[in-house]
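# Remarks on the overall topology
What follows is the residue order along each chain.
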Amino acid sequence: MDLYLIRHAVAFGRDHGHWPNDADRPLTPDGEEGFRPVARGLVNLVPGVEALLSSPYARAWRTAELLDDETPWPIPVVFPALEPEVPPRKVFAALGTYEGFGSLALVGHRPSLHGLAAYLLTGAEDGLNIGLKKGGVACLRFDGEPEPGAAKLRWLLTPKVLRLAGEA
């Protein structure tokens, strides 16, 4: 199984005056437009996935919608386990619903995606400090049954590199 961890695109900073509920904080206009070529570059590397799962938070959901706009991937599905503070072991358990899938794309946040990557690669939530930029993507592969510590990091790409892949 290939698992694509996608951090949401650039969003507005926390501002309780504008967004009392942080779940409502959106992408910036530049973040939205800047992610479109990232999505086009990503699809050059990953032509398809079997499911596109996203945090329901506005900034992640909009990033998933942009992937839907710019790629032939499936329409996004709300996946509450990808909310920012959900522990990696709970995210992994929730992914059991997709057992048997060959490829999944997950759109989420820091720190949960970073912790999930560490957990899947090392077996410990704090076993690795991985830097996934906003709009960046990591590809993890399981050669056998998915389990914590069994993943291999295939690649970790910044938005800049993905934009360049879209120009190829």
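Quick note: structure is the one above.
Everything numeric in this text was worked out from a predicted model, so none of it was measured.

Next up on the list: the side chain of E32. Residue position: E32 is located in helix 1 (residues 29-45). Side-chain polar atoms of E32 contact the side chain of R62, separated by 2.7 Å. Ignoring any residue separated from it by four or fewer positions in sequence, one finds E32 in contact with L27, R62 and L66.

A large share of strand 5 (residues 137-141) lies buried, amounting to four of its five residues. In the sheet, strand 5 pairs with strand 6 (residues 152-157) via five bridges, with the strands oriented antiparallel. Across the sheet, C139 pairs through a bridge with W155, a residue of strand 6.

Omega for the bond connecting R110 with P111 falls within 30 degrees of zero, at 15°, which places this linkage in the cis form. With respect to the helices and strands, the residue P111 is situated in the loop between strand 4 (103-108) and helix 4 (112-122).

All right, on to helix 5 (residues 159-167) then. Buried residues of helix 5: P159, L162 and A165, and no others. Burial along helix 5 is one-sided: seen end-on, the buried residues are contained in an arc of 115°. Away from the buried face of helix 5 by more than 90 degrees, exposed residues K160 and E167 are located. In this structure, the buried residues of helix 5 make contact with helix 1, strand 5 and strand 6.

Looking now at the side chain of T71. Mapped onto the elements, T71 comes out in the loop between helix 2 (58-70) and strand 3 (76-78). On the accessibility criterion, T71 (8% relative accessible area) is buried. Polar side-chain contacts of T71 include one of 3.2 Å to the backbone nitrogen of W73. If we ignore the near neighbours within four places in the chain, the residues touching T71 are A39 and V43.

Next up on the list: helix 2. In an α-helix, one turn spans 3.6 residues, which is why side chains three or four residues apart end up on the same side. With 13 residues, helix 2 should cover 18 Å at 1.5 Å per step; its first-to-last C-alpha distance of 18 Å lies within 8% of that length. Residues of helix 2 that are buried in the fold lie against strand 1 (2-7), helix 1, strand 2 (51-54), strand 3 and strand 4.

With that settled, consider the pattern of salt bridges. Per the stated rule, a full pass over the model turns up 13 salt bridges. Linking R25 and D22 is a salt bridge whose minimum nitrogen-to-oxygen distance equals 2.7 Å. Under the relative-accessibility criterion, D22 is labelled buried at 17%. A salt bridge links R59 to D22; the shortest N-O distance between them is 3.0 Å. Of this pair, R59 sits in helix 2 while D22 is found in the loop between strand 1 and helix 1, placing the two residues 37 residues apart along the sequence. The pair formed by R59 and D22 is uniform in burial state, with each residue classed as buried. A network of salt bridges, in which partner residues are shared, links E33, R36, R40, D69 and E70.

Thresholds applied
- Residues numbered from 1 in each chain as written.
- Predicted model: local features only at pLDDT ≥ 70, side-chain atom pairs only at ≥ 80, totals over all residues.
- Heavy atoms only, no water.
- Helix = DSSP H or I, 4+ residues; strand = E, 2+ residues; numbered from the N terminus.
- Polar contact = N/O pair within 3.5 Å; in protein donor to acceptor, adjacent residues only side chain to side chain.
- Contact = heavy atoms within 4.5 Å.
- Buried < 20%, exposed > 50% of the residue type's maximum accessible area, 1.4 Å probe, protein only.
- Pairing = 2+ DSSP bridges.
- Arc of directions from axis to C-beta.
- Expected span 1.5 Å × (residues − 1).
- Salt bridge = Lys/Arg side-chain N within 4 Å of Asp/Glu carboxyl O.

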